[in-house]
Amino acid sequence: MTPAQQLRRDIETCELPHLMFEEHLTALKQRIDDALAGFAPKVFRVPGPSRVGKSSLIAKLSRDYPETRNAGRRNVPVLVVRVPHSTTVKLLPKSVLRALGFRVRGNMTEGELFTLMVEQLDLAGTRVVIFDEISHLVDEGSRVPPRAASDWLKTLVDPNPEEQRLGVTLILFGIPRLERLFSANDQLRKRACPARNFLPYDASDAAQMTAYDSCVTAYARMFAAAGYPIDVRPRVLTQQSYLLTGGLIGVLANFMCELAILMAREAPRAISYADCQKALECVSHAGSPHKLAFEDSGVEDAGVEPAALKQAYVHVLASSSASVPIRKKSGVK
């Protein structure tokens, strides 16, 4: 493996412990610990744009609460369920059972599937179910009405003494469209905590931009350690990459991977501004199309206007139908 290939591998497997990621991770782990300790089940939702880092967060939670075996009995305290496209009410319990590694007969009725799912969750000791891409339930043209989908979710949360089962805590991940599940069902909404919006870094917020810059710096250090220092002023690299990403760390990681791929057959050398421009040919531009990244001639003293950075952020949110947060002005109570 060449140094550039090893660099690419390191970037692809790197999990940056950046500010937004750590804040959500800490909050969700506290709630999972509560559920495992026997506190009342809750519903949490984490809406956010694609490439913001939701999958990495789910993967980390799954690793931190692994499946175990005790005296030959399987224990799955936290179960991750991926909701497929074009799902139906009947496919929802199938998805849960498949996540548990259970084979489902094709001739089972909807009621039988639900009963089997409940039994298997209890046998596995599952107290938290994380649904990934739950927004597929409210995709355009979905065969599941939002009210029916939200009613189904509510049945998992509510304890049912007659069936001798505990309710489970739900953590729902998806794009902002998942809010339709809650707007369609007042009962589910009242059982749920307010949404924990997982948003990209906002360039107009100094603390958030510092956190974004720390991610860029971390990747730049990886390149330098591999013998491929990025010969672009740190401020320029941060601003230009922000135009590309709109604050999405997943897109930043893609860009850094493409830089490493570009060096695949190159001996260790400095990476130029022109190399950054070349790498963009294989990266989807997430920011505003009105101001593209690295489109300038590379005059490094020319900074990016704050309005252009904000426009990149707003474009990412608008593209995923997310609202732009209203920030409180300092000194205003």
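Quantities reported herein were computed from a predicted structural model and do not represent experimental measurements. (Residues numbered from 1 in each chain as written. Predicted model: local features only at pLDDT ≥ 70, side-chain atom pairs only at ≥ 80, totals over all residues. Heavy atoms only, no water.)

**Q** Any details on the nonpolar core? Residues and values, ideally.
**A** Counting residues in hydrophobic clusters, the biggest one holds 71 residues, and the most contacted among them are I130, I171, F173, F223, F255, M256 and L259. Apart from the residues within four sequence positions on either side, I171 is in contact with L28, I32, F44, V46, V128, V129, I130 and F131. Core analysis: the next-biggest nonpolar cluster, separate from the first, contains 37 residues, L79, V89, L116 and V138 among them. (Core = buried A, V, L, I, M, F, W, Y, C linked by side-chain atoms within 4.5 Å. Buried < 20%, exposed > 50% of the residue type's maximum accessible area, 1.4 Å probe, protein only. Contact = heavy atoms within 4.5 Å.)

**Q** Which residues make up the side chain of N185, and what values go with them?
**A** Here N185 lies in the loop between α7 (179-183) and α8 (186-191). For N185, a relative accessible area of 0% translates into the label buried. Within the structure, the side chain of N185 is placed 3.0 Å from the backbone nitrogen of L188, a separation counted as a polar contact. Those residues in contact with N185 that lie beyond four places of it in its chain are R147, S150, D151 and K154. (Helix = DSSP H or I, 4+ residues; strand = E, 2+ residues; numbered from the N terminus. Polar contact = N/O pair within 3.5 Å; in protein donor to acceptor, adjacent residues only side chain to side chain.)

**Q** How would you explain the packing of helix α4 (residues 91-99) against helix α5 (residues 110-123) if you had to name every residue and give the values?
**A** Viewed as axis vectors pointing N to C, α4 and α5 meet at an angle of 30 degrees, and their least axial separation amounts to 9 Å. The orientation of α4 with respect to α5, classified from their angle, is roughly parallel. Crossing angle aside, the handedness with which α4 passes α5 is left-handed. Where α4 abuts α5, its residues P93, K94, V96 and L97 lie against L113, F114, L116, M117, Q120 and L121. Its residues assigned to classes, the contact of α4 with α5 comprises eight nonpolar, one polar and one charged. (Axes fitted to C-alpha atoms, helices over the stretch in contact; angles between N-to-C directions. Parallel < 35°, antiparallel > 145°, perpendicular 65-115°, else oblique. Left-handed = near helix turned anticlockwise from the far one by under 90°. Nonpolar A, V, L, I, M, F, W, Y, C, P; charged D, E, K, R; others polar.)

**Q** A description of the pairing of strand β4 (residues 78-82) should follow, citing residues and the corresponding values.
**A** Within β4, four of the five residues are buried, which leaves the element mostly enclosed by the surrounding structure. Where β4 meets strand β5 (residues 128-132), five bridges bridge the pair, whose relative direction is parallel. Bridging from a neighbouring strand, R82 pairs with D132 of β5. (Pairing = 2+ DSSP bridges.)

By themselves, these figures tell us nothing about what the structure is for.
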